[in-house]
Amino acid sequence: MNLMKTSWADEVAADYVDGLPPTKVHTDGNFKYVTEYKFNEEGKKVKVVRTYKIQKQTVPKVVAHRRNWLKFGDSIGDKPGPSSQTTMVSEEVHMVFLSSKELEQAHEPQMEEPGKKIAKCRICNGEHWSVNCPYKGTAMDSKTLMESKATAAAAAAVSDTSKTGKYVPPFLKAGGCANNGSAVGGKAWDRDRSAVRISNLPESMTEADLEELVKNIGPHNKLFLAREKNTGLCKGFAFVNFKFRHDAAAAIEILNGHGYDHLILSVEWSKPQS
Amino acid sequence: MRPLMLQGHERSITQIKYNREGDLLFSCSKDQKPNVWYSLNGERLGTYDGHQGAVWCLDVDWESRKLITGAGDMTTKLWDVEYGTIIASIPTKSSVRTSNFSFSGNQAAYSTDKAMGQNCELFIIDVRNADSSLAEQTPTLRIPMTESKITSMQWGPLDETIITGHDNGNIAIWDVRKGQKVVDSGSDHAAGINDMQLSKDGTMFVTASRDTTAKLFDSESLMCLKTYKTERPVNSAAISPILDHVVLGGGQDAMEVTTTSTKAGKFDSRFFHLIYEEEFARLKGHFGPINSLAFHPDGKSYASGGEDGFVRVQTFDSTYFENIFE
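Residues numbered from 1 in each chain as written. Chains lettered and ligands numbered in written order. Predicted model: local features only at pLDDT ≥ 70, side-chain atom pairs only at ≥ 80, totals over all residues.

> What is the right way to read the overall build of chain B from this model?
Secondary structure assignment for chain B yields 2 helices and 28 strands. Out of the 326 residues in chain B, the part that is buried amounts to 55%. In chain B, the proportion of contacts linking residues at least 24 apart, taken out of those at least 6 apart, comes to 44%. (Helix = DSSP H or I, 4+ residues; strand = E, 2+ residues; numbered from the N terminus. Buried ≥ 20, exposed ≤ 12 C-beta atoms within 10 Å, placed from the backbone. Contact = placed C-beta atoms within 7 Å.)

Dropping the structure here:
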């Protein structure tokens, strides 16, 4: 055996065209491997190995003849086989089969049953308008009114400003402005001063629970339970505006550190927004 | 399945067609070079260079020797399929919208647009001994279209008739020997017909219309047999040669594409059952509306060309053939 051994040093020194090793093709059974070297966009030398599966097909004579046609036009210089310039194998796609049932659902977007009423009572959640509610003016009504007080207040503020037809920044609304007289201003000040912030509330907290919690301490003007916009769950804190400042102080005294639904509440004076 | 993406065009595809055996796939686009591909592996065989405007239509004769194209440069050209050379270039008075070989390949028909003060006209030429002198020869038949311009055209059986689809939704059959209209469908479609493709035996054809429907017609009486409804304009429709399936391609108007997301655009190929008129499958792929569809003559794959400039060759997997319509 007298094989010429090529040393690695010779291999490196070999003078390749553009400094790249030539393309090698080798066939193994039904697979053809093409090894190519090229420079990528960053100027680095990369080795590209393409694997082709060789399939044999029986085709009509004319088709076989056409396989041997020479390329022309823009493809004139292309090597045999698909050029990576023009032909790509795209990513896997799947046919989506639709059953007739799915289609019907897709085409008819939730048609409302003709018999179903769209009215919903604000007081008792019944299928009638609030005006016609049998519970109108009863305790149940007043409770819901309480809950909607915040919105009502907001609406009032809006109507106040709409009278003048001029934009009023939120902090000047509802008599918060110093120019609006001491009586109104004082009231606002008082209201702010009798507000407490309750935090570490459970997620399942509702307005009704909150009212239950604070109603024995003293009368309150306003309850606000912070809720997550999307889920509607309690964000863990709430504000209560008591009528009297001493009630608010009592609330802090009683409820701060009070265990509620396996959580320990933290109650403090509500700090005005800076 | 992993479709082949053929990226040979710079602008939106206008028409794609397989040859009779299905080994070659021809595509033309609004750039100026129609392409020919091997449908099996997506290898490009060549481009037909010579047009100077958007190429609107193409057709290949049954022997895959000649190719006819019509373009916005106001010519229709005959090409040698194998070498990509021009056999004849016939000048017209306005851009050429449709062109087709007759089944025998002896005759070809093409129609021009109603534009630049010209009426839409249908021409029939004899291409048996086509050479460059064809440009000077008078066509064997000229039929002026007074009502609405031709947007789609097919040859009827035995090369005796031509079926035309019009911009106003009408379909008509013309006798090639008399040069007269023999059947008029009336207004089955409410808007222009974008595409018409015959079934394998030629007894019926499917239309694709801007009025968001595709319809199946009897090719002799123009009786409307079936209607396939979608929500978007249908740009192309093709009948499977082996199964009772119709594939529809479309999407919203090309001008609205940039303002619509791929999801909302409904750019899928949609498969309808030929008889039950019900959609049973969808296949995604294109980023824009599909402008042209063609079934491989063996029915095991199909190709689609889109406004995005890609031609995609999809080979069905076994799930397509196993799927039994309920």
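> How should the UniProt feature "repeat: WD" (unreviewed entry) in chain B be read in this particular structure?
The feature "repeat: WD" (unreviewed entry), as annotated in UniProt, sits at residues 6–47, 48–89, 143–184, 186–227 and 283–313 of chain B in this numbering. End C-alpha atoms of residues 283–313 of chain B are separated by 12 Å, and the span's content is 0% helix alongside 52% strand. (UniProt positions renumbered as here; feature names shortened; annotations may be inferred.)

> What is the right way to read the pairing of strand β20 (residues 213–218) of chain B from this model?
Along any regular strand the residues' side chains alternate between the sheet's two faces. All names here are of chain B. The buried fraction of β20 is high, at 5 of 6 residues. With 5 bridges connecting them, strand β19 (residues 204–209) and β20 associate as antiparallel partners. From the neighbouring strand, Thr207 faces β20, where its bridge partner is Lys215. Joining the antiparallel neighbours β19 and β20 is a turn of 3 residues, in which Thr212 adopts a positive phi near 70 degrees. In this structure, β20 lies alongside strand β21 (residues 224–229), joined through 5 bridges in antiparallel fashion. The residue bridging Leu216 from the neighbouring strand is Lys226, located in β21. Taken together, β20 and the strand that follows it, β21, pair antiparallel across an intervening segment of 5 residues, in which Leu222 is found at a positive phi of about 60 degrees. (Pairing = 2+ DSSP bridges.)

> Would you explain the interface of chain A and chain B in this entry?
The figure often quoted for interface size is the accessible area lost as the parts come together. Each partner contributes to the interface: chain A provides 28 residues, whereas chain B provides 38 residues. Residue assignment for the side of chain A that touches chain B shows that the elements contributing at least two residues are α2 (61–67), β4 (87–89), β5 (96–97) and α3 (100–107) of chain A. Bridge count between β5(A) and strand β25 (residues 279–283) of chain B: 2 bridges; the pairing is antiparallel. Within β25(B), the position partnered with Val96(A) by the bridge is Arg282(B).

> Can you help me understand the sheet that holds strand β12 (residues 120–126) of chain B in this one?
Sheets are built from strands that pair by backbone hydrogen bonding, the pairs being arranged parallel or antiparallel. Residues and elements named next belong to chain B. The strand order β10-β11-β12-β13 describes an open sheet built from 4 strands, whose pairing is antiparallel. Two strands in the sheet have a free side with no partner beyond their single neighbour: β10 (96–101) and β13 (141–145). Neighbouring strand axes in the sheet, compared pairwise and without regard to direction, differ in orientation by 15 degrees on average. As judged from the 5 bridges shared by strand β11 (residues 107–112) and β12, these two strands associate in the antiparallel manner. Directly across from Gln107, in β12, lies its bridge partner Asp126. (Axes fitted to C-alpha atoms, helices over the stretch in contact; angles between N-to-C directions.)

> Could you clarify how one ought to interpret the confidence of the model for chain B in this entry?
Scored by pLDDT, chain B comes out at a mean of 89, with 95% of its residues at no less than 70. Per the prediction output, this complex has pTM 0.65; the corresponding ipTM is 0.76. (pLDDT = per-residue confidence, 0-100.)

> Even after reading the chapter, I still don't get the confidence of the model for chain A, so can you show me in this structure?
Residues and elements named next belong to chain A. Mean pLDDT over chain A stands at 73; residues scoring 70 or higher make up 67%. Within chain A, no element has a lower average pLDDT than helix α6 (residues 182–193), which sits at 51, and none a higher one than strand β6 (residues 195–199), at 90. Here residues 176–186 is a poorly scored stretch, pLDDT under 50, and it has 8 contacts once near neighbours within four places are set aside; other chains count.

> Quick question: what am I supposed to make of unusual backbone geometry here?
Residues and elements named next belong to chain B. In the Ramachandran plot, Met116 falls in the positive-phi region, its phi being about 50 degrees despite a non-glycine side chain. Among the secondary structure elements, Met116 is positioned in the loop between β11 and β12. Residue classification places Met116 among the exposed positions, given that 10 C-beta atoms sit within 10 Å.

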